[in-house]
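Here is how the chains run, residue by residue.
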Amino acid sequence: MCKVLIIGAGGVGTVVAHKVAANPVFSEIMLASRTKSKCDQIAAAIGGDRIQTAKVDADSVPELCELMRSFKPDIVINVALPYQDLTIMDACLECGVNYLDTANYEPLDEAHFEYSWQWAYRERFEKAGLTAILGCGFDPGVSAIFTAYAAKHHFDEIHYLDIVDCNAGNHGKAFATNFNPEINIREITQKGRYWENGDWVTTGSLEIHKTLNYPNIGPRESYLLYHEELESLVLNFPTIKRARFWMTFGQEYLTHLRVIQDIGMARIDPIMYNGQEIVPIQFLKAVLPDPKTLGENYHGETSIGCRIRGIKDGKEKTYYIYNNCDHAEAYKETGTQAVSYTTGVPAALGAAMFAKGLWVKPGVHNVEEFDPDPFLAELGPQGLPWVELHDVDLEL
Ligand code: NDP
């Protein structure tokens, strides 16, 4: 039996709370966030008395410790923002609590994400006998678990890995992001980057693109982005010669994004406005639709997977493993759209893997370092069925 503390009551936190509440492996559940009323709303929507709620400022280690000392969780599921990763990890070390998240640390004042900050905690978690599971959403998350599964069962050596992420849904708004707008826009407007022959290759932002066909969806323009799981995957699977990440965007979305950048609304540095400091991208977040509210009229599917080429028994082999998730189905079950759903289901399942003793390994680990089999055996029944295709045209 496992006591779990969920931090963050956004779209992803909503799905995590639903899935954790439905799983008897969790004995007690606390949902805490900056705004307690949002936690109360989620708990009320789920019903019953499974979920306790609390207010916490996750930027403050003393506040986090006070909550952890009174509730005494076995594991924290961090689905607040990437800015809070390190304070939550500090509090976990101080209070002897295990840790899981879905996005790597980013400093508030620099749009830059890499694992070095969190990997620097490895020795401290190991010495404390605590497990930290990094990047357990869909991408990062299932994308890396799919890769680990392919390496374990279908390849002697993986040579080429392309993670492909398509959102073919339509929410009917002129412009909205599918998860936290600040984090999303910071990610997409960065330079592109991919791994090739032992080195990182940098490209202009969204410079490289290609039409790819997605199952049950069809052709979509897909853009090469840097994505955080590439960093750990090329280390954990050193036979990889090239690793890339692709995401689809529509023309309308890209036009809005260009205008947002051109007029300075994507800036992350503070400016003075009416005698008060504001950060333009944070102000933009306040006027854009809340991703949590997009679900109601969202139609269509997401399709995220790994296209892999490598060697098995001396022969070249291709393999495509993916999940399609329907926005309307996700909304019916949890009141959120598929992007929150595809992130929250793996986070809750990763914590269940820990609770069952299947993913317990003191230290700080990315998800591909754990056994993918029990996780993938449960992923379908938890709402995200996956499909494997062998020896197909990967288009890449
Ligand atoms: P939201 O912005 O909807 O939710 C974030 C929540 O965290 C809000 O409830 C917010 O509180 C709370 N929060 C923010 N700052 C603090 C703080 N200092 N203390 C306590 N609570 C705080 O984001 P999403 O739910 O869309 O995303 C959650 C996480 O999931 C993000 O880290 C995102 O990067 C990650 N993600 C990962 C994906 C993956 O596949 N791996 C895909 C999509 C998202 P308030 O409501 O008061 O603002």
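Report follows, based on the coordinates. Computed from a prediction, not measured in an experiment: that's the story for all the values here.

**Description of the packing of helix α7 (residues 142-153) against helix α9 (residues 229-236)**
Between α7 and α9, the least distance of the axes is 10 Å, while the angle of their chain directions is 20°. When the interaxial angle is binned, α7 and α9 end up roughly parallel. The way α7 lies across α9 gives a crossing that is right-handed. Touching S143, A144 and T147 of α7 are E229, S232 and L233, all from α9. Here the contact of α7 with α9 is composed, by residue class, of two nonpolar, three polar and one charged.

**What to know about the sheet that holds strand β6 (residues 131-134)**
In space, the seven strands of this open sheet follow the order β3-β2-β1-β4-β5-β6-β17, with parallel pairing throughout. Of all the strands in the sheet, just β3 (51-55) and β17 (363-366) have a single pairing partner and so form its edges. Neighbour-to-neighbour, the strand axes of this sheet turn through a mean angle of 20°, independent of strand direction. Taken together, the four bridges between strand β4 (residues 75-78) and strand β5 (residues 98-101) define a ladder with parallel strand orientation. Within β5, the position partnered with N78 by the bridge is D101. Contacts between helix α13 (residues 338-355) and the sheet are confined to β1 (2-7), β2 (26-33), β4, β5 and β6, with β5 contributing the most and set at about 155° to the helix.

**Quick look at the site of the ligand**
Neighbouring the ligand are 34 residues, the closest being G10, V12, A58, G137 and F179. When contributions to the shell around the ligand are tallied by element, the ones reaching two or more residues are α1 (11-21) and α13. When the residues that make up the shell around the ligand are grouped by side-chain class, the tally is 15 nonpolar, 13 polar and six charged. Summarising the domain contributions, the shell around the ligand has at least three residues from each of domain 1 (2-134) and domain 2 (142-336 + 383-390).

**Some points on the environment of I260**
Here I260 is to be found in helix α10 (residues 251-262). On the basis of neighbour counts, which here come to 20 C-beta atoms within 10 Å, the residue I260 falls in the buried class. If sequence neighbours within four positions are ignored, I260 has contacts with M265, A266 and L284.

Rules and cut-offs
Residue numbers run consecutively from 1 along every chain, following the written order of its sequence. The model is predicted, so local features are restricted to residues of pLDDT at least 70 and side-chain atom pairs to those at 80 or more, both for listing and for counting; the totals for chains, interfaces and linings are taken over all residues. Axis geometry follows a simple rule: fit a line to the C-alpha atoms, using only the stretch in contact for helices, then measure angles between N-to-C directions, giving values from 0 to 180 degrees. For helices the rule is a DSSP run of H or I covering at least 4 residues; for strands it is a run of E covering at least 2, with both sets numbered from the N terminus onward. Just so you know how the angles are binned, under 35 degrees is roughly parallel, over 145 roughly antiparallel, 65 to 115 roughly perpendicular, and the rest oblique. If you view the pair so one helix is near and one far, a crossing is left-handed when the near helix is turned anticlockwise from the far one by less than a right angle, and right-handed when it is turned clockwise. The contact criterion used here is simple: two residues whose C-beta atoms, placed from the backbone, lie within 7 Å are in contact. Side-chain classes follow a simple rule in which Ala, Val, Leu, Ile, Met, Phe, Trp, Tyr, Cys and Pro form the nonpolar group, Asp, Glu, Lys and Arg form the charged group, and the remainder, Gly included, forms the polar group. Whether two strands pair depends on DSSP finding at least two bridges between them. Contact assignment follows one rule, namely that a residue is near a molecule or strand if its backbone-placed C-beta atom lies within 6 Å of it. A domain assignment, automatic or from a database, supplies the domain bounds used here. In this scheme every C-beta is placed from the backbone, and a residue whose C-beta has 20 or more other C-beta atoms within 10 Å is buried, one with 12 or fewer is exposed, and one in between is partly exposed.

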